[in-house]
Amino acid sequence: MHSAQSMQPGSRRRRPGRWMAVGAALALLAGLARGDAPAMQPATPTTQPQTHRAWLNLKPDKPISRPATPSNVYVIPIDGEINDITLTLLKRMSREAIAAGADMLILRINTWGGLVTSALDISSYIKSDEQMRKVWTVAYVAPKAISAGSLIAMAADEIVMLKNGRFGDCAPISMGGKLTGVEREKIESPLRQEFRDSAKHNGYDPLLAEALVTSTIAVYIVRNEQTGEELMVNQAGLEERTRPAPSPWRQTGTKMLADGLLARVMTDSQTGEARTVSDAEAERLGQPVPSSWVKVRTVVDEDRLLTMTDAEAMEYGFVKGIVTGDAGLREFYHVQGSWHEMHQDFGEVLAEFLCSMWVRAGLFLIMLLGIWVELHTPGVGLPGAVALGALALLLAGPYLSGLADWWEIGLILLGLLLIGLEIFVIPGFGVTGVLGIIFFLTGLIFAAIPPNFNPSSWQPWQGGADTMRFLRQSLMAVVVGLIGFMVGAVLLSRYLRRLPVVGRVFLRDVGDPRLKGKLVPTAPPNPPGSGLEHLITSPPVGSRERLGLQLGQEGEVVATLRPAGKVRFGKRTVEAVADGEFLEPGRRVRITRFVGNNVVVAPVGPGQA
């Protein structure tokens, strides 16, 4: 033994040291006897345990794996507002790419968001469609996938971000105010479920996924100082893991020491170890045991939504890589084969353009003005054709984009039928015309609303923020069109007839200086008392002259003048225009004047047949 050797005679210089060592050993033995020996410290500090981030090791639930060297890659753009048109485009492009043998689909996302319902449908399509599950899908955030865009990105098999990109913040909003209470929960509930499903499918932390859509969740990172494990926890998890644990030591008795002092007997309830200790040591052993878990930092505070930079999304396990552009993306995936950029076809671009609120307002305005001009000119000509073309485009946009449903198209056609009956068949203007206008406007408004609208159960006061948004836009288009029509009708009636060429389609008054020189008197003035003294007596010009018509000639209405129609003069039937009122078939009329090639007539009596 070292202690025996040190006590042998020899070197006297070491005796004091040897006596000190003996004293220290005796003191240590005495402390052990009392049970209050100091804890032994290691000679060298222990190394910090290696950090293990649990959220980076969640296993995805995927039926296929990423191809090592993709040979046939197709890039599908998803940008602008997310709506049903986006879903239609994605379905068309993805099916074409899969049919062409694509082994990887890259969804290039650049959006601030859009409709919740459309985003949910797109997410479900990416994860559940039988054909989509056979090909590896990549969400390429270039440079932003905010709100509905983040929901779509989460549905893909993995995410890659453009450097300095942004990702997150998918809380539903209402254009008319703040969503609260049951209304918010009604919308958030399916969103949270979709995010949880995507997290399970792709191996993302479910708590972080929910923090993208729910602002009431605070998320923290905690670390176990003993094992190095790091976890994502909410407020309750943080309090539970960092809360000190109760001491396992309990006083189980007392004991009289040799020096006559009374000591306590403490027992560890976990291991069964018993110690005889002093009062001070008993107090120390009874203190709560500090947790091995400590808070590292806050990921997102309560009342905030998780929005991540490219580096944060990479750290939190959402993003597999950060690239600097398409070249970097191809290098990241080791693409060895073809690379195809897909684009919208003409019909899809046209549908998206025609569904714009301002475009719809303009088309509605053109349609109304065309009808107004047609009713103020004889026959069916260019204004009527323009009105029909504007109506066709109004219906084409929602139809091509999938917004219009069958009942909306039917309502529009029924409205037009009733309006036509009121104008051409039923005398006067009453219930039929009013109902026709109501049906037509209702169908026109709801044709621009997503087809998930259910008129039998829709309750806008209990949610439906997306539907309300589209409804407001469609109503705004109709209101803007009506206001524009009222202003346009006034301007047309006052100024447009004065323009060269264009003004010829309008009925000019006989006092219009532009008619000077075109009406050549060839008959004596009308006699006093005939009621025709104010008229200019002149023959028709152009083709009317060849028909042999003249002022004051009487005829019979054969097609209602509203104000244009047809009148029979002897054996000839010509187009004519009523002067100031609609005239039914059978009414006797007299030619009052000629305006260009237009025959203007007025009723002869109070209602002669």
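Scoring rules and cut-offs
Residues numbered from 1 in each chain as written. Predicted model: local features only at pLDDT ≥ 70, side-chain atom pairs only at ≥ 80, totals over all residues. Heavy atoms only, no water. Helix = DSSP H or I, 4+ residues; strand = E, 2+ residues; numbered from the N terminus. Buried < 20%, exposed > 50% of the residue type's maximum accessible area, 1.4 Å probe, protein only. pLDDT = per-residue confidence, 0-100. Contact = heavy atoms within 4.5 Å. Pairing = 2+ DSSP bridges. Patch = residues over 30% accessible without salt bridge, like charges linked within 9 Å, V, L, I, M, F, W, Y side chains within 5 Å. Areas by Shrake-Rupley, 256 points an atom, 1.4 Å probe, with all protein chains shown as cover. Salt bridge = Lys/Arg side-chain N within 4 Å of Asp/Glu carboxyl O. Phe/Tyr/Trp six-rings, centres within 6.5 Å; stacked < 30°, edge-to-face > 60°. Axes fitted to C-alpha atoms, helices over the stretch in contact; angles between N-to-C directions. Polar contact = N/O pair within 3.5 Å; in protein donor to acceptor, adjacent residues only side chain to side chain.

Asker: Describe the overall build of the protein, and please don't skip the residues or the numbers.
Answerer: When helices and strands are tallied, the protein shows 18 helices and 20 strands. When burial is assessed residue by residue, the protein has 42% of its 609 residues classed as buried.

Asker: Explain the confidence of the model for the protein to me, using residue names and the numbers behind them.
Answerer: The predicted model of the protein averages 78 in pLDDT, with 74% of residues at 70 or higher. Scored below 50 in pLDDT, residues 453-464 makes twelve contacts in the model with residues more than four places away or belonging to other chains. In this model, residues 507-544 is a region of pLDDT below 50 whose contacts with residues beyond four sequence positions or in other chains number 57 contacts.

Asker: So what's going on with the pairing of strand β19 (residues 588-595)? Which residues, and what values?
Answerer: Of all the eight residues making up β19, six are buried; the element is thus mostly covered by neighbouring parts of the structure. As paired strands, strand β16 (residues 554-559) and β19 are joined by three bridges and run antiparallel to one another. Counted as the bridge partner of glutamate 556 is arginine 588 from β19. Bridging between β19 and strand β20 (residues 598-603) involves six bridges; their strand directions are antiparallel. Among the inter-strand pairings, arginine 593 is bridged to a residue of β20, identified as valine 600.

Asker: Break down a nonpolar patch on the surface for me, with residues and values.
Answerer: Judged by side-chain polarity, Leu414, Leu417, Leu421, Val425 and Ile426 come together as a nonpolar surface patch covering roughly 400 Å² of accessible area. As for its placement among the helices and strands, valine 425 is situated in the loop between α15 (406-424) and α16 (431-446). Look at valine 425 and you get exposed, because its relative accessible area is 55%.

Asker: Which residues make up the packing of aromatic side chains, and what are the values?
Answerer: One pass over the structure, following the stated rule, counts four aromatic pairs. Here the aromatic rings of tyrosine 204 and phenylalanine 318 are separated by 5.2 Å at their centres, their planes lie at 40°, and the arrangement is tilted. One end of the pair, tyrosine 204, is in the loop between α6 (181-202) and α7 (206-211); the other, phenylalanine 318, is in the loop between α10 (310-315) and β14 (319-323), with 114 residues separating them in the sequence. Residue classification places tyrosine 204 among the buried residues on the basis of a relative accessible area of 2%. Using a relative accessible area of 0% as the deciding quantity, one classes phenylalanine 318 as buried. With centroids separated by 6.0 Å and ring planes inclined at 45°, the aromatic side chains of tryptophan 407 and phenylalanine 446 adopt a geometry described as tilted.

Asker: Which residues make up the sheet that holds strand β11 (residues 274-277), and what values go with them?
Answerer: Read across the sheet, three strands follow the order β9-β10-β11 without closing on themselves; strand pairing throughout is antiparallel. Unpaired on one side and paired on the other, β9 (249-256) and β11 mark the two borders of the sheet. Ignoring which end each strand starts from, the neighbouring axes of this sheet average 30° apart. Pairing of β9 with strand β10 (residues 262-268), which is carried by seven bridges, proceeds in the antiparallel orientation. Directly across from threonine 254, in β10, lies its bridge partner arginine 264.

Asker: Let's hear about the side chain of serine 118: which residues, and what values?
Answerer: Position of serine 118 relative to the elements: it lies in helix α4 (residues 116-128). Residue serine 118 is classed as buried on the basis of its relative accessible area, which comes to 0%. Within the local environment of serine 118, its side chain forms a polar contact with the side chain of aspartate 84, the two groups lying 2.7 Å apart. Once residues lying within four places of it in the same chain are set aside, the contact partners of serine 118 are Ile82, Asn83 and Asp84.

Asker: Kindly report on the pattern of salt bridges, identifying the contributing residues and their values.
Answerer: Side chains carrying opposite charge are able to pair once their charged atoms draw close together. According to the stated counting rule, one finds 18 salt bridges in the structure shown. With a shortest N-O distance of 3.7 Å, arginine 223 and glutamate 225 are connected by a salt bridge. Residue classification places glutamate 225 among the partly exposed residues on the basis of a relative accessible area of 34%. Close ionic contact of arginine 588 with glutamate 554 constitutes a salt bridge, the shortest N to O distance being 3.6 Å. Placement of arginine 588 in strand β19 and of glutamate 554 in strand β16 is noted, with a sequence separation of 34 residues between them. The class of arginine 588 is partly exposed, set by a relative accessible area of 26%. Salt bridges here are not isolated pairs; linked through shared partners, they connect Arg53, Arg223, Glu225, Glu230, Arg297 and Glu315.

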